[in-house]
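Overview (structure and organization)
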Amino acid sequence: MTDCIFCKIVAGDIPSARVYEDAGVVAFLDINPVNPGHTLVVPRVHVERLTDADESVVTAVAAAVGKCARAVMAATGAEGFNVLQNNGACAGQVVPHLHVHIIPRSASDGFRFGWRQGGYGEGELDAMRRRIAGRVS
Ligand code: AMP
Ligand code: ZN
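A short tour of the structure in this document, coming up. Sequence positions are assigned chain by chain, starting from 1 and proceeding in written order. All chains are assigned letters beginning with A, and all ligands numbers beginning with 1, in the order in which they are written. Owing to the predicted nature of the model, reporting of local features is limited to residues with pLDDT of at least 70; listing and counting of side-chain atom pairs is limited to 80 or more, with chain, interface and lining totals taken over all residues. Processing note: side-chain calculations cover all non-hydrogen atoms of the structure and skip hydrogens and water entirely.

What to know about the site of ligand 1
One heavy atom within 4 Å of a molecule or strand is enough for the residue carrying it to be called near that molecule or strand. In the neighbourhood of ligand 1, 16 residues make up the surrounding shell, with Asp30, Gly92, Val94, His99 and His101 lying closest. Interatomic distance of 2.7 Å between a side-chain N/O atom of His99 and an oxygen atom of ligand 1. Each accessible area is a Shrake-Rupley result for a 1.4 Å probe, and residues are judged covered by the shown protein chains and nothing else. Protein contact buries 82% of the 510 Å² of open area that ligand 1 shows by itself. Strands are runs of DSSP state E lasting at least two residues, helices are runs of H or I lasting at least four, and both sets are numbered from the N terminus onward. Secondary-structure elements contributing two or more residues to the shell around ligand 1 are helix H1 (5–11) and strand S2 (25–29). Among the elements that line the shell around ligand 1, the one with the most residues is H1, at three residues. Gly is put with the polar residues, along with every residue not named as nonpolar or charged; the nonpolar set is Ala, Val, Leu, Ile, Met, Phe, Trp, Tyr, Cys and Pro, and the charged set is Asp, Glu, Lys and Arg. Counted by class, the shell around ligand 1 contains nine nonpolar, six polar and one charged residues. Pairing of N or O atoms within 3.5 Å defines a polar contact, subject to two protein rules: one partner must be a possible hydrogen donor and the other a possible acceptor, and residues neighboring in sequence count only if both atoms are side-chain atoms.

Below you can see the structure in the form of C-alpha cells.
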C-alpha cells in the first residue's frame, strides 16, 4: 500500500532501526518508545487489523513476537514486558498496518494501564460465551 508508513518501512523506502526480519515479518524499534527497547513487529503484507490477516500471517507474527520478546528482555534487562496490539482508532490504533508492540517493563518505570473492569449480570456471562463460541471459525 503506497501511502502506508509501515509498508514503506518494510520496503526500505524510509529508515527504521530493524532488529529482526524474516520472510513474513519485519521488527524495528518504535520511534517514540514507552521504554527503551520498545519494539514493533509488523507483517510484510499490508493488513489493517489482526482480523484481516490470514492464519499464516498471524502465525508468522506470533512466532516473531516470541523471538523478539526474548531478545528485548535479554538486551534491556527488563523485569517483564507487555505485548499490545491495537485494532481500530477507538482502540488506539494510529498506524493502520497490523503491528504488535513489545514493551519492556520494570516495576519502577511509572507506566500504568488504566483498566476499567466491569462484571456480568445474571445469565449474561453464559449468553456472551455462547455468542462468541458459536462464531469461532
Ligand atoms: P498504534 O497506536 O498501535 O497504531 O502504534 C503506532 C506506533 O508506531 C506508535 O507507538 C509510534 O510511535 C510508532 N511509529 C510511528 N511511526 C514510526 C516510525 N516511522 N518508526 C518507528 N515507529 C513508528
Ligand atoms: Zn501497510
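Read on for the rest.
Some thoughts on the coordination of the zinc ion (ligand 2)
Every protein donor of the zinc ion (ligand 2) is listed here as Cys4 (SG), Cys7 (SG), His46 (ND1) and His97 (ND1), and their distances to the metal cover 2.0 to 2.3 Å. Water is absent from the atoms considered, so a metal site may look incomplete; donors are defined as N, O and S atoms within 2.8 Å of the metal, or 3.2 Å for Na, K and Ca. Square planar and octahedral sites, with four and six donors, are those where opposite donors lie more than 155 degrees apart and all other angles lie between 65 and 115, tetrahedral sites have four donors with every angle between 85 and 135 degrees, and the rest are irregular. Around the zinc ion (ligand 2) sit four donor atoms, and with donor-metal-donor angles ranging over 106 to 117 degrees the site reads as tetrahedral. Mapping the donors of the zinc ion (ligand 2) onto the primary sequence gives the spacing C-x2-C-x38-H-x50-H. Residue Cys7 is found in helix H1, and its partner His97 is found in the loop between strand S4 (80–84) and strand S5 (100–105); the two are separated by 90 residues along the sequence. Pair check on accessibility: Cys7 and His97 agree, each one buried. Only protein chains enter the accessibility calculation, which uses a 1.4 Å probe; a residue whose area is less than 20% of its type maximum is buried, one above 50% is exposed, and one in between is partly exposed.

Quick word on the packing of aromatic side chains
Two rings belonging to Phe, Tyr or Trp (six-membered ring only in the last case) form a pair when the distance between their centres is within 6.5 Å. Interplanar angles under 30 degrees mark stacking, angles over 60 mark edge-to-face geometry, and anything in between is tilted. This structure, assessed with the given rule, holds three aromatic pairs. Both rings, one in Phe6 and one in Phe28, keep their centres 5.4 Å apart while their planes meet at 75 degrees; by these two values the pair is edge-to-face. Of this pair, Phe6 sits in helix H1 while Phe28 is found in strand S2, placing the two residues 22 residues apart along the sequence. Each member of the pair Phe6 and Phe28 is classed as buried. Where Phe111 meets Phe113, the ring centres are 5.1 Å apart and the plane angle is 65 degrees; that geometry is what we call edge-to-face. In this structure Phe113 comes out as partly exposed when scored by relative accessible area, which is 33%. Following the ring pairs from residue to residue traces out a cluster consisting of Phe111, Phe113 and Trp115.

A closer look at the nonpolar core
One finds Val25, Val41, Ala53, Val61, Val65, Cys68 and Ile102 to be the most contacted residues of the largest nonpolar core, which totals 15 residues. Breaking this core down by element, the ones donating at least two residues are S2, helix H2 (55–76) and S5. Broken down by element, the residue count for this core peaks at seven residues, all from H2. Any two residues whose heavy atoms approach within 4.5 Å are treated as being in contact. Non-local contacts of Ile102, meaning those with residues more than four positions away in its chain, are made with Gly37, His38, Thr39, Val41, Val65, Cys68, Ala69, Val72, Phe81 and Asn82. The term nonpolar core refers to a set of buried residues drawn from Ala, Val, Leu, Ile, Met, Phe, Trp, Tyr and Cys, joined through side-chain atoms within 4.5 Å. Judged by nonpolar contacts, the second largest core, of 10 residues, contains Cys4, Cys7, Ile9 and Phe28.

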